[in-house]
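A look at the structure
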Amino acid sequence: TPMALDWIGGSDAVAQLVGAIRALESRASEAVVQRDALAEALTAKTAELEAVYEHSPVGLHTLRPDGLILQMNERELGWLGYSADEVLGRRYILELSGSGYESVFEERMKILQNGDTPPNAYTELVRKDGSHMAVRVSSTPVMSPDGTLALIRSAVMDLSQTLPREAREEDSRRLEHELLAGISSGLFVYREDGQCVFANEAAAKMVGTTVET
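Residues numbered from 1 in each chain as written. Predicted model: local features only at pLDDT ≥ 70, side-chain atom pairs only at ≥ 80, totals over all residues. Heavy atoms only, no water.

Looking now at the environment of leucine 94. Tracing the backbone through its elements, the reader meets leucine 94 in the loop between helix 3 (84–87) and helix 4 (101–113). Sequence spacing of leucine 94 and leucine 68 is 26 residues, and the spatial spacing of their C-alpha atoms is 8.9 Å. (Helix = DSSP H or I, 4+ residues; strand = E, 2+ residues; numbered from the N terminus.)

Across 3 bridges, the pairing between strand 1 (residues 59–63) and strand 2 (residues 69–72) is antiparallel. Paired with histidine 61 across the two strands is methionine 72, which belongs to strand 2. Counting the residues in the hairpin turn of strand 1 and strand 2 gives 5 residues, including glycine 67, whose phi is positive at 95 degrees. (Pairing = 2+ DSSP bridges.)

On to the pairing of strand 3 (residues 121–126). Pairing between strand 3 and strand 4 (residues 132–143): 6 bridges, direction antiparallel. When the sheet's bridge partners are listed, threonine 123 is paired in strand 4 with valine 135. As consecutive antiparallel partners, strand 3 and strand 4 are separated by 5 residues, and within that stretch glycine 130 has a phi angle of approximately 95 degrees, a positive value.

Attention now moves to helix 4. Its 13 residues place the ends of helix 4 18 Å apart at the C-alpha level, agreeing with the 18 Å of an ideal helix rising 1.5 Å per residue. Of all the positions in helix 4, only Tyr101, Phe105, Arg108, Met109 and Leu112 are classed as buried. Projected down its long axis, helix 4 carries its buried residues within an arc of 110 degrees, all on one side. Lining the buried residues of helix 4 we find strand 1, strand 3, strand 4 and strand 5 (149–158). (Expected span 1.5 Å × (residues − 1). Buried < 20%, exposed > 50% of the residue type's maximum accessible area, 1.4 Å probe, protein only. Arc of directions from axis to C-beta. Contact = heavy atoms within 4.5 Å.)

This paragraph deals with the sheet that holds strand 4. With antiparallel pairing, the 5 strands of this open sheet are ordered in space as 2-1-5-4-3. The open sheet is flanked by strand 2 and strand 3, the only strands paired with a single partner. The mean angle between the axes of side-by-side strands here comes to 35 degrees, regardless of whether they run parallel or antiparallel. (Axes fitted to C-alpha atoms, helices over the stretch in contact; angles between N-to-C directions.)

Tracing the sequence through the fold places aspartate 158 in strand 5. Here aspartate 158 sits buried without a salt bridge, and the closest side chain of opposite charge, arginine 127, lies 5.6 Å off (N-O distance). Not counting residues within four places of it along the chain, the set of residues in contact with aspartate 158 comprises Trp79, Met133, Ala134 and Val135. (Lys, Arg positive; Asp, Glu negative; His and termini not counted. Salt bridge = Lys/Arg side-chain N within 4 Å of Asp/Glu carboxyl O.)

Listed below in structure tokens is the structure:
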């Protein structure tokens, strides 16, 4: 009868709807699994990067443009004898620097504010107990979208090591290269004649090539 035919057609439609709903549920379940896997991978990667930062063989810190310390790794805090609570967001880098560094800092700031990397600075840091340690500071700028200086990331090398001078310099160059190569911002270094002598992975990706080429 017509009613029976209508019911059969209706049953097919319901079956198709149920099938579609189950397919959606299956895809949603797969999406949840993928999302959880990505979240787990991101958490693991974040923890790995944090461990590398905290236990780096060199001191690392991040400053605001006015010199307020926003981040400092365990290595540098240990050198200075401070806890994180005593330094982060409370102290300015000049408060932990030896006399005479203020003028050097101002000159470096002029370069950083233009988005450029200043030459290494050789100075002293003052520990909590008042003693001094000779260091070399390498800094790179982090620019905001509007082109102004947002942050300053610095690596600090302890120069008071008892290694021979040549070994210290070679170790210093190696660590500096590793740090520069690993930063997320693109970085090129050119000689005066215009030849590129260094580019990190981020810089190579910017121009669509590899570091080797």
